[in-house]
Amino acid sequence: MQTATIERDVDVLEQLNQGYIDAVQHSDVGWFEQNLAEDFLNSNPDFTLVDREGFIGQIARPATISNLRAEDVRIRVLGDVAVIHGRTRYTKADGKEAAGRYTDVWARRKGHWLCVAAHVARG
């Protein structure tokens, strides 16, 4: 794959990653309806595995955290698949700072990047 193509993909994936973070913070179900694959699966911090519908149901509830931001984001494009690793920082409802990590897997389908899997860990 050409360097320019990979750079464009990384730019798009950076925007999608930030969109994902923002959508979690603001319970933006519409964003996820547009950007999650139909076969999406998410591994939750409580060890449960939820499908697209279950995840969107979780997102629909108002966020109990604030100031959610991503750090140390690493994007690897592997052809029509990309893996994004990142660290999150946020403020819990009790005002304490907290952090976590995530891994998202994106696939290019019909020319568009869709998230096919996610894994969230919180400390």
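Here, the structure is the one placed above.
A short tour of the structure in this document, coming up. (Residues numbered from 1 in each chain as written. Predicted model: local features only at pLDDT ≥ 70, side-chain atom pairs only at ≥ 80, totals over all residues. Heavy atoms only, no water.)

## Topic: the pattern of salt bridges
Inspection of the entire model under this criterion finds eight salt bridges. Of the charged contacts, one joins Asp-39 and Arg-109 as a salt bridge, the two residues approaching to 2.9 Å between their closest N and O atoms. Here Arg-109 lies in strand S5 (residues 97–109) and Asp-39 lies in strand S1 (residues 36–43), a separation of 70 residues in the sequence. Since its relative accessible area comes to 34%, Arg-109 is described here as partly exposed. Between Arg-101 and Asp-72 there is a salt bridge; the shortest N-O distance is 3.6 Å. One end of the pair, Arg-101, is in strand S5; the other, Asp-72, is in strand S3 (residues 66–78), with 29 residues separating them in the sequence. You can call Arg-101 partly exposed: its relative accessible area is 35%. Taken together, the shared-partner salt bridges connect Asp-9, Asp-80 and Arg-108 into one network. (Salt bridge = Lys/Arg side-chain N within 4 Å of Asp/Glu carboxyl O. Helix = DSSP H or I, 4+ residues; strand = E, 2+ residues; numbered from the N terminus. Buried < 20%, exposed > 50% of the residue type's maximum accessible area, 1.4 Å probe, protein only.)

## Focus: the sheet that holds strand S6 (residues 112–122)
If you walk across this open sheet you meet the six strands as S2-S1-S6-S5-S4-S3, and the pairing is mixed. The open sheet has two edge strands, strand S2 (49–51) and S3, and neither has a second partner. Averaged over all pairs of adjacent strands, the angle between strand axes in this sheet comes to 20 degrees, irrespective of strand direction. Where S1 and S6 come together, four bridges link them in parallel fashion. (Pairing = 2+ DSSP bridges. Axes fitted to C-alpha atoms, helices over the stretch in contact; angles between N-to-C directions.)

## Observations regarding the nonpolar core
Grouped together as the largest cluster of nonpolar side chains are 25 residues, with contacts concentrated most on Leu-13, Tyr-20, Phe-32, Leu-36, Phe-55 and Trp-106. In terms of residues, this core owes the most to one element, helix H1 (residues 3–25), which gives five residues. Excluding residues within four positions of it along the chain, Tyr-20 makes contact with Trp-31, Phe-32, Leu-36, Phe-40, Phe-55, Asp-104, Trp-106, Cys-115 and Ala-118. (Core = buried A, V, L, I, M, F, W, Y, C linked by side-chain atoms within 4.5 Å. Contact = heavy atoms within 4.5 Å.)

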